[in-house]
Amino acid sequence: MIELERFSDPDLSRHSLEAVLEAAEKFKAANGRSPVFMEVCGSHTMALAKTGIKARLKDHVRLIAGPGCPVCVTDQKSIDAMIALSKGPDRILCTFGDMMRVPGSKFTLMKAKTEGEDIRVVYSPLDSVKMAEENPEKEVIFLGIGFETTIPILALAIREAEKKNLQNFSIWMTTKLVEPVLRTLLDAGEVKLDGFLLPGHVAIVSGKRSFDFLSKEYNMPGVISGFEPVQLLSGMYKLLQLLLEKKVDILNDYTYLVKDEGNLVAQKMLDDYLEPYDEVWRGMSTIPGSGLVLKEKYASFDAKKKFNVSVGEPRKTKCRCGEIIKGTITPEECMLFAKGCTPTHPIGPCMVSTEGTCAAHYQYMRED
Amino acid sequence: MIKIEDDHALVDVMGSRMYVGTIFVPDAKIDDYVLLHAGQAMTIVDEEYAKESMTEWRNLLDDRT
């Protein structure tokens, strides 16, 4: 579809960048400082870095990466527990690719795999349901990590497992929700923000309306944005315009994918199978109602109930991922960044994940 | 979307074909474009909105100069 390709057009991107720079200058003239925006989604962080937009805007718009990388926001003890799950008889552990190299206190899933544990990377959680069907003598466990875009698919996997009456399938639910963590960050007030670039794909599920609380309760503007260069810049421009016009609103700049009400089928799937849970977040301890777990009637598919995994307190390192995901420091402010912590030798998940802030800065923003 | 069967469909992703779930897009039709995530179509691309967004943005940029 031609229109969609135009959102990555280089000439249009450059033209859009000029517009953003102009608007940012107007903001600076009116306020005596650069605007400060948080991009919530890890994929936005990576796209802003990869396209060069973040580097180009360095002295004009301060962009702070938020808690939108599912693996990065998972606390270390949970990471250690998921890795420990791989060490068990007659098991197949299935996971999204990101988890394979995340450092545990003792080892990684990748190391466990090279030592002979049956760990498989899948593109879809439903692939792991199929594996359970094809391997009735093994316990198949899927590591359910993700935000609102992914969680309905975890619920769908449970639905499929239930339909097939599988006794050997379960999910280790470690899910996170966007609204509670944004509330927590804003309530803490550690990072002063002018507005948000809001996650386009989460919004597909939760709807534009799910972000209205930012403007209504926190007086904070936001723009739901896509991921191509022109979309990132258009979103930023519209956010700047709101500020220049002193308007507080939530705008949907991704209208061809995001509806006001979101995806009602996905939302019903969440309601049918899951309930809120007080999840622990890296660097933020427990946030009430910030995750979703399986309802009691689906306990037989809940890996946390099925398997007894105990891990000790995590190994202490100098990793500062917990501060990175809150936006209180940048990767460059971590003493390990690009020295003791690199993509080939990561100390924390932010350097490993495809949505990790440190990975984005290392790959696309280092000045050698 | 190339072929639709019950709750999954054959789609073309930049020349490669694969089956994806369609439970979240019950109104999807042949030739629709959909957004994929972890093996599921999560929403249908609204072509009119895509055209409108692009036109509106280009006009905004042109009006500035």
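Just so we're clear, the structure is a prediction, and the values are computed from it rather than from any experiment. (Residues numbered from 1 in each chain as written. Chains lettered and ligands numbered in written order. Predicted model: local features only at pLDDT ≥ 70, side-chain atom pairs only at ≥ 80, totals over all residues. Heavy atoms only, no water.)

Looking only at helices and strands, chain B features one helix and five strands. Mapped from its N terminus to its C terminus, chain B presents α and β elements in the order β-β-β-β-β-α. With the principal axes as the frame, chain B shows a C-alpha extent of 50 × 25 × 20 Å. Burial analysis of chain B (65 residues in total) assigns 40% to the buried set. (Helix = DSSP H or I, 4+ residues; strand = E, 2+ residues; numbered from the N terminus. Buried < 20%, exposed > 50% of the residue type's maximum accessible area, 1.4 Å probe, protein only.)

Before going further, it helps to spend a moment on the packing of aromatic side chains. Residue and element names in this part refer to chain A. Enumeration over the complete set of coordinates arrives at nine aromatic pairs over all chains. Note on F147 and W281: the rings are 6.2 Å apart at their centroids and 55° apart in plane angle, and the pair reads as tilted. Of this pair, F147 sits in the loop between β5 (139-146) and α8 (151-163) while W281 sits in strand β10 (residues 274-281), and the two are 134 residues apart along the sequence. For the residue pair F147 and W281, the accessibility class agrees, reading buried in each case. Of the aromatic side chains, those joined through ring pairs into one cluster are F7, F227, Y254 and Y256. It is K87 that lies over the ring of F107; its NZ or CZ is 5.2 Å from the centre. Above the plane of the ring of Y362 lies R366, whose end atom (NZ or CZ) is 3.7 Å from the centre. (Phe/Tyr/Trp six-rings, centres within 6.5 Å; stacked < 30°, edge-to-face > 60°. Lys NZ or Arg CZ within 6 Å of the ring centre and 35° of its normal.)

For the rest of this paragraph, the subject is the domain arrangement of chain A. All names here are of chain A. Parsing chain A into structural domains produces domain 1 (2-69 + 191-252), domain 2 (76-177 + 263-306) and domain 3 (321-364). The straight-line distance from the C-alpha centre of domain 2 to that of domain 3 is 25 Å. Contacts between domain 2 and domain 3 engage seven residues on the former and 14 residues on the latter. Carbon and sulfur atoms make up 61% of the area that domain 2 and domain 3 hide from each other, which totals about 870 Å². The largest per-residue losses of area from domain 2 upon contact with domain 3 belong to D98, R101 and R282, which jointly make up 57% of the total buried on that side. At the junction of domain 2 with domain 3, the criterion picks out zero salt bridges. (Domains from an automatic or database assignment. Contact = heavy atoms within 4.5 Å. Buried area = accessible area lost by both parts, 1.4 Å probe. Salt bridge = Lys/Arg side-chain N within 4 Å of Asp/Glu carboxyl O.)

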